[in-house]
Amino acid sequence: MGVIFSLGIVLALVLVVTVGVEVLKLDFFFGVVVPYVTLATFLGGMVYRIMHWGRSPVPFRIPTTGGQQKSLPWIKPSFLDNPSTALGAAARVASEVLLFRSLLRNTKAELREGPRLTYHWEKWLWLGGLLFHWSFFIILFRHLRYFTEPVPGWVSFLEGIDGFFRVSLRAVYITDVLFLVAVTYLLLRRLIIPQVRYISLPADYTPLFLLLGIGISGVLMRYFWSVDVAAVKELALGLITFRPRVPEGIGVLFYIHFFLVCALAAYFPFSKMVHMAGIFLSPTRNLPNNSRAVRHINPWNYPVKVHTYEEYEEEFREKMKMAGIPVEKEG
Amino acid sequence: MRVPDFKYILIGVGAFIFLFSFPFWYNAGRAATAPAPDLNTPTINELEIKECVEPTDFMRANHMRLLNEWRDRVVRQGERVYVSTSGKEYIMSLQNTCLACHSNKAQFCDECHNYLRVTPDCWSCHLESKGK
């Protein structure tokens, strides 16, 4: 059900922009209004989400640990898996963000004949996820050539490495291939593995279909049905410099690509994809495990009004004596 | 709320906005118009009907694909004559057909290629026209 729903949404988006540009000639709307609204939604949404999370109280240290805690000087502590310093915690977050270290250690439990429970390393999700994220990042980065004039040397440098392989005189970007392969894998994984399919929702499929749509339209545009890229760059630079202009004759394929990107970006802060910001705020990863070295006082502790026994006896001594209750001090 | 930690969040948000907005402040205040390919060459000025091998819209988007097709047909199939969609015949040659009209490589080719930072391999084998 979720698959059909998500696919329907993405196809509807494609249909909307195709009809809008081809039939209703809404080039200005899809070329200027939509991207500005998207930009505001994306930035505003991200800042709102992060600030909202930032206000959540983190009273205690709750890092997950996977190694020896720092204790006596002759016991070797685990710098990354049980970080006791801010540097260690930062390194752990960095390894998580850049290399998906936790996912690398993913295991799969299986009940075999016997009955015997076995665990084995399951690397495919890590590999697919890593390839997808890095390819997507490099592709986004390469798109800077449309948003900068003159194009900085480091953008062209990366593009040169990425386009190392040539087919028919033209560069075939490695990341383009890897992106499509990885997203397809991530989608098939949800569709084929029964347990994963069972827990998959429209919110899981929609980003995948959007990404697939963006990837396919981009690849079609680059390798099969070209559009006038000089006009595309003019549009992009016009948006960036706040002097929007919509050049004539950009193909509809570009508008499909662009609109799907806008849809993804506007959806980003309100979807699971906001883990881009959330991963930095994971308390199980970003806190140093120094609970034994440093006393962490609950930050919202307020002075509690107490009534000690001494004060109590002071107050009720006469009554206690009359009732025959023993008291610690006589008068 | 742990106030001391909130500063890290603000630093992170600030860094994110700074990096994300890179194209905005990098290009601030610069003109954005794409260069128009210059058609002012002696050969083109002499033409009565100023038309390329294929319509301009097609050529703008697909010239690299057409050149690649020409290369394959000349080098691999040994064909030399290209029949355009309008039925005209052209010799498939970058130097003798394309550059015969577009003898101004620096204005016609390079301006757009530089604008988009595209570095086609054409000139690693072909010679640019030195003008007549």
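> Please clarify how the overall build of chain A should be interpreted in this entry.
Within chain A, the secondary structure is distributed over 15 helices and 4 strands. Computed over its C-alpha atoms, the radius of gyration of chain A comes to 29 Å, more than 25% above the 20 Å expected for a compact globule of 331 residues. For chain A, the spread of C-alpha atoms along the three principal axes comes to 100 × 55 × 45 Å. Within chain A, the proportion of its 331 residues that are buried is 40%. Counting only contacts in chain A whose residues sit at least 6 apart along the sequence, the fraction spanning at least 24 positions is 62%. Carbon and sulfur atoms make up 70% of the accessible area of chain A, which amounts to about 19,400 Å² in all. For chain A, the centre of its 33 positive side-chain charges and the centre of its 23 negative side-chain charges are spaced 7 Å apart.

> Looking at this structure, how should I read the interface of chain A and chain B?
A common measure of how large an interface is: the accessible area buried when the components associate. Counting residues at the interface gives 51 residues for chain A, matched by 34 residues for chain B. Taking both partners together, chain A and chain B bury about 3,800 Å²; carbon and sulfur atoms supply 64% of that area. In this assembly, chain A and chain B are joined by 2 salt bridges. Ionic pairing is found between Asp-228 of chain A and Arg-60 of chain B, a salt bridge with its closest N-O pair at 3.3 Å.

> Would you mind going over helix α5 (residues 124-142) of chain A with me for this structure?
Note on helix geometry: an α-helix contains 3.6 residues per turn, so any two residues three or four positions apart are oriented the same way. All names here are of chain A. The first and last C-alpha atoms of α5 sit 26 Å apart over 19 residues, in line with the 27 Å expected at 1.5 Å per residue. Residues of α5 that are buried: Leu-125, Trp-126, Gly-128, Gly-129, Leu-130, Phe-132, Ser-135, Ile-138, Ile-139 and Arg-142. Looking at the buried residues of α5, the elements they touch are α3 (86-99), α4 (101-104), α6 (144-147), α7 (153-162), α8 (174-192) and α10 (202-224).

> Where do I start with the packing of helix α1 (residues 2-23) of chain A against α10 of chain A in this structure?
In a pair of packed helices, the angle between the axes and the distance between the axes together describe the arrangement. Residues and elements named next belong to chain A. One can describe the packing of α1 onto α10 by two numbers: an axis separation of 8 Å at closest approach and a directional angle of 40°. Relative to α10, the element α1 is oriented oblique. At the point where α1 passes α10, the crossing takes the right-handed sense. Note on element contacts: α10 touches α1 through Pro-202, Tyr-205, Thr-206, Phe-209 and Leu-210, opposite Gly-2, Val-3, Phe-5, Ser-6, Leu-7, Val-10 and Leu-13. Each residue belonging to the contact of α1 with α10 can be placed in one class, and the counts come to 9 nonpolar, 3 polar and no charged.

> For this particular structure, what's the right way to read α10 of chain A?
Between its terminal C-alpha atoms α10 of chain A stretches 31 Å, which fits the 33 Å expected from 23 residues at 1.5 Å a residue. Burial runs high along α10 of chain A: 18 of the 23 residues are buried.

> I tried to follow the domain arrangement of chain A on my own but got confused; where do I start?
Assigned domains of chain A: these are domain 1 (2-300) and domain 2 (301-331). Computed over C-alpha atoms, the centres of domain 1 of chain A and domain 2 of chain A are 65 Å apart.

> How do you make sense of a nonpolar patch on the surface when you look at a structure like this?
All names here are of chain A. The grouping of Leu-15, Val-19, Val-23, Leu-24, Leu-26, Phe-28, Phe-29, Val-33 and Val-37 at the surface amounts to a nonpolar patch, some 800 Å² of accessible area in total. Those elements that place two or more of their residues in the nonpolar patch are α1 and α2 (27-54). Structurally, Val-33 can be placed in helix α2. Here Val-33 falls in the partly exposed class, since its relative accessible area comes to 31%.

> Sorry, what's going on with unusual backbone geometry here?
With glycine set apart, most residues show a phi of negative sign, and most peptide bonds adopt trans. All names here are of chain A. Residues Gly-114 and Pro-115 are joined by a peptide bond in cis, for which omega reads -5°. The residue Pro-115 is located in the loop between β1 (107-112) and β2 (116-121) in this model. A cis geometry characterises the amide bond from Glu-149 onward to Pro-150, with omega recorded as 0°. Looking at where Pro-150 falls in the secondary structure, it is placed in the loop between α6 and α7. You will see that Lys-25, though not glycine, has its phi angle at about 55°, which is positive. Summarising the element assignment, Lys-25 is placed in the loop between α1 and α2.

> Honestly, the environment of Met-64 of chain B in this entry has me stumped. Any pointers?
Note on placement: Met-64 of chain B falls in helix α4 (residues 56-76). Under the relative-accessibility criterion, Met-64 of chain B is labelled partly exposed at 23%. Separated by 58 residues in sequence, Met-64 of chain B and Cys-122 of chain B place their C-alpha atoms 9.9 Å apart. With near-sequence residues (within four places) excluded, Met-64 of chain B lies in contact with Arg-170 and Ser-226 of chain A.

> Which parts of the structure should I look at to understand the pattern of salt bridges?
If the charged atoms of two oppositely charged side chains come close together, the side chains can form a pair. If you walk through the whole model with that rule in mind, you get 21 salt bridges over all chains. The residue Arg-245 of chain A makes a salt bridge to Glu-234 of chain A at a minimum N-O spacing of 2.2 Å. In this pair, Arg-245 of chain A is assigned in the loop between α11 (229-240) and α12 (252-267) and Glu-234 of chain A in helix α11, connecting sequence segments 11 residues apart. A residue is classified by how much of its surface remains accessible, and Glu-234 of chain A, at 9% relative accessible area, is buried. We note a salt bridge from Lys-88 of chain B to Glu-51 of chain B, for which the minimum N-O separation is 3.2 Å. Linking Lys-88 of chain B in the loop between β1 (81-83) and β2 (89-91) with Glu-51 of chain B in the loop between α3 (42-46) and α4, this pair joins segments that are 37 residues apart in sequence. Accessibility expressed as a relative area gives 39% for Lys-88 of chain B, which makes it partly exposed.

> Which parts of the structure should I look at to understand the side chain of Arg-189 of chain A?
Residues and elements named next belong to chain A. Looking at where Arg-189 falls in the secondary structure, it is placed in helix α8. Although Arg-189 lies buried, it forms no salt bridge, and the closest oppositely charged side chain, Glu-122, sits 5.8 Å away as judged by the N-O distance. Beyond its immediate chain neighbours, meaning those up to four positions away, Arg-189 contacts Leu-125 and Val-196.

Rules and cut-offs
Residues numbered from 1 in each chain as written. Chains lettered and ligands numbered in written order. Predicted model: local features only at pLDDT ≥ 70, side-chain atom pairs only at ≥ 80, totals over all residues. Heavy atoms only, no water. Helix = DSSP H or I, 4+ residues; strand = E, 2+ residues; numbered from the N terminus. Rg over C-alpha atoms; globule rule 2.2 N^0.38 Å. Buried < 20%, exposed > 50% of the residue type's maximum accessible area, 1.4 Å probe, protein only. Contact = heavy atoms within 4.5 Å. Areas by Shrake-Rupley, 256 points an atom, 1.4 Å probe, with all protein chains shown as cover. Lys, Arg positive; Asp, Glu negative; His and termini not counted. Charge placed at Lys NZ, Arg CZ, Asp CG, Glu CD. Buried area = accessible area lost by both parts, 1.4 Å probe. Salt bridge = Lys/Arg side-chain N within 4 Å of Asp/Glu carboxyl O. Expected span 1.5 Å × (residues − 1). Axes fitted to C-alpha atoms, helices over the stretch in contact; angles between N-to-C directions. Parallel < 35°, antiparallel > 145°, perpendicular 65-115°, else oblique. Left-handed = near helix turned anticlockwise from the far one by under 90°. Nonpolar A, V, L, I, M, F, W, Y, C, P; charged D, E, K, R; others polar. Domains from an automatic or database assignment. Patch = residues over 30% accessible without salt bridge, like charges linked within 9 Å, V, L, I, M, F, W, Y side chains within 5 Å.

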